[in-house]
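So the chains spell out like this:
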Amino acid sequence: MNKDQLLAYIKDNNVTKIKFAFADIDGALRGKTINVQKFLDGLQDGYGFCDVVFGWDINDAAYDNVKVTGWHSGYPDKDCRIDLTNKRNIPWQDNIPFFLADFSKADGNDLEACPRSLLKRIVKQCTEMGFHAEFAQEFEWFNFLETPHSLEQKGFTNMQPLTPGMFGYSILRTSQQNAFYTDLFDLLTQFDIPIEGLHTETGPGVYEAAIVHDETLAAADKAVLFKTAVKEIASRHGITATFMAKWNADLPGCSGHIHQSLWDKDKKGNLFYDAADEHNMSDLLKHYLAGQLYCFPHLLPMYAPTINSYKRLVEGAWAPTTITWGFDNRTTAIRILNDSEKYTRLETRIPGSDTNPYLAIAASLASGLYGIKNKLELTIPATEGNGYQDLRNGRLHSNLYDASIAMQNSAVAKELFGEGFVDHFTNTRIWEHRQYAKAVSDWELKRYFEAI
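Residues numbered from 1 in each chain as written. Predicted model: local features only at pLDDT ≥ 70, side-chain atom pairs only at ≥ 80, totals over all residues. Heavy atoms only, no water.

> Sorry if this is basic, but what is going on with the environment of Ile211 here?
With respect to the helices, strands and loops of the structure, Ile211 is situated in strand β9 (residues 206-211). The class for Ile211 is buried, based on a relative accessible area of 5%. Between the C-alpha atom of Ile211 and that of Leu365, which follows or precedes it by 154 residues, the distance is 18 Å. Contacts of Ile211, omitting those with residues within four sequence positions, involve Ala136, Gln137, Phe139, Ile193, Pro194, Ile195, Glu196, Lys222, Ala223 and Phe226. (Helix = DSSP H or I, 4+ residues; strand = E, 2+ residues; numbered from the N terminus. Buried < 20%, exposed > 50% of the residue type's maximum accessible area, 1.4 Å probe, protein only. Contact = heavy atoms within 4.5 Å.)

Written out as structure tokens, the structure reads:
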């Protein structure tokens, strides 16, 4: 939607207010509702927004180890710019117009801490290389018959799941929650997040949704909006949805797998597919795959950004622990699906549902392009069978601190994303580790309180 179309829409529909939001470093949406005149006034130069949104953590505690902003800068306003191309209406909020925003100019350059801006820069590089990239992220999440108040009162214990038992792909369970289930599918689609498939996964009250693929930035926008939209729709039904990677040690974790492919500029030819190859893999796909495998140790926090992420990345939990790939193999870090040209793609299986989609998708695309630029050879053989036991190329880091230090010291990470972003992002992850390190857990109380 261009500016003239937008002005006509506002006039024809008697619009008096709009809502906008942007993703912070954790992928949480921050934003506000403004009157239509303020909206129109800011279309040219943006809207002043306190840059503390990149100077605090997911619980609004101010970082003491970042340079982008802080007490040293006085937390000034930065220009937040609305992207008119992604206008949509929120069907469960009286169809109020909604826009995504970021802290960058059209080319993606401005505030180096802004995740959407980072992805815009990677997409620009992809286009300049002559490729059109298609992406889609799928999500698993748990649903509970709880409210924010009941969760706080219970201390996040003894929570009641939406449905009991392990019942993956159950038609019965979704029928028993038909109003919620139908609202998810229909309202998300109306919100321009078209759903390819929606079903229960194995676990009490857990759902999985696949979003229809799109060009890179639009796919990331939809993935970011999906999580908040699901939470808002769930709340209408007295349900709380969580996208933690692993909320319970005894239950499966929640994935956020990323599907991707490169096409020619006309979007007619899948550049990952080559019928003449033994496995239908083009040289381009092999270089792209080699790039991702090579970059995993350098970029892991962009795929696994929280303390909790690494509770999912354990053996036998349907999440990878090794630097591996395979054909339609769900035990490896990368799964290749290549039965036909139309559907040939690479699935990066490290991300959980707790990822910031802008960062996880940026890491996927940038590392793949790195492999193409450097013509990296695919020296790692495909894993057949159990990827957890294939240690030929090493394991992924097992905790956020080690992964963050590795990224902070990585010349590859700085080459791909710039020193400013790498410094800011890794320091926010190290801060996260520090908050965890000083916390006393229930496990410690139960283990040591009486017996030690």
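> What's the story with helix α7 (residues 216-236) in this structure? I'm lost.
Side chains that are three or four residues apart share a direction in an α-helix, a result of its 3.6 residues per turn. Over its 21 residues, α7 runs 31 Å from end to end, which matches the ideal 30 Å to within 8%, given 1.5 Å per residue. The sharpest bend along α7 reaches about 30° and sits at Phe226. Taken across its 21 residues, α7 has 16 buried, putting it largely inside the fold. Sitting at the amino-terminal end of α7 is Glu215, which places a side-chain oxygen 3.2 Å from the backbone nitrogen of Leu217. (Expected span 1.5 Å × (residues − 1). Bend = angle between axes of the 7 residues up to and from the residue. Polar contact = N/O pair within 3.5 Å; in protein donor to acceptor, adjacent residues only side chain to side chain.)

> Sorry, what's going on with the nonpolar core here?
The nonpolar side chains of soluble globular proteins are, as a tendency, buried together. With 98 residues, the main nonpolar core has Phe226, Met302 and Phe417 as its most contacted residues. If we skip the residues at most four places from it in the chain, Met302 touches Leu118, Leu359, Ala360, Ala362, Ala363, Met407, Phe417, Phe421 and Phe425. Judged by nonpolar contacts, the second largest core, of 25 residues, contains Leu6, Val15, Ile18 and Tyr47. (Core = buried A, V, L, I, M, F, W, Y, C linked by side-chain atoms within 4.5 Å.)

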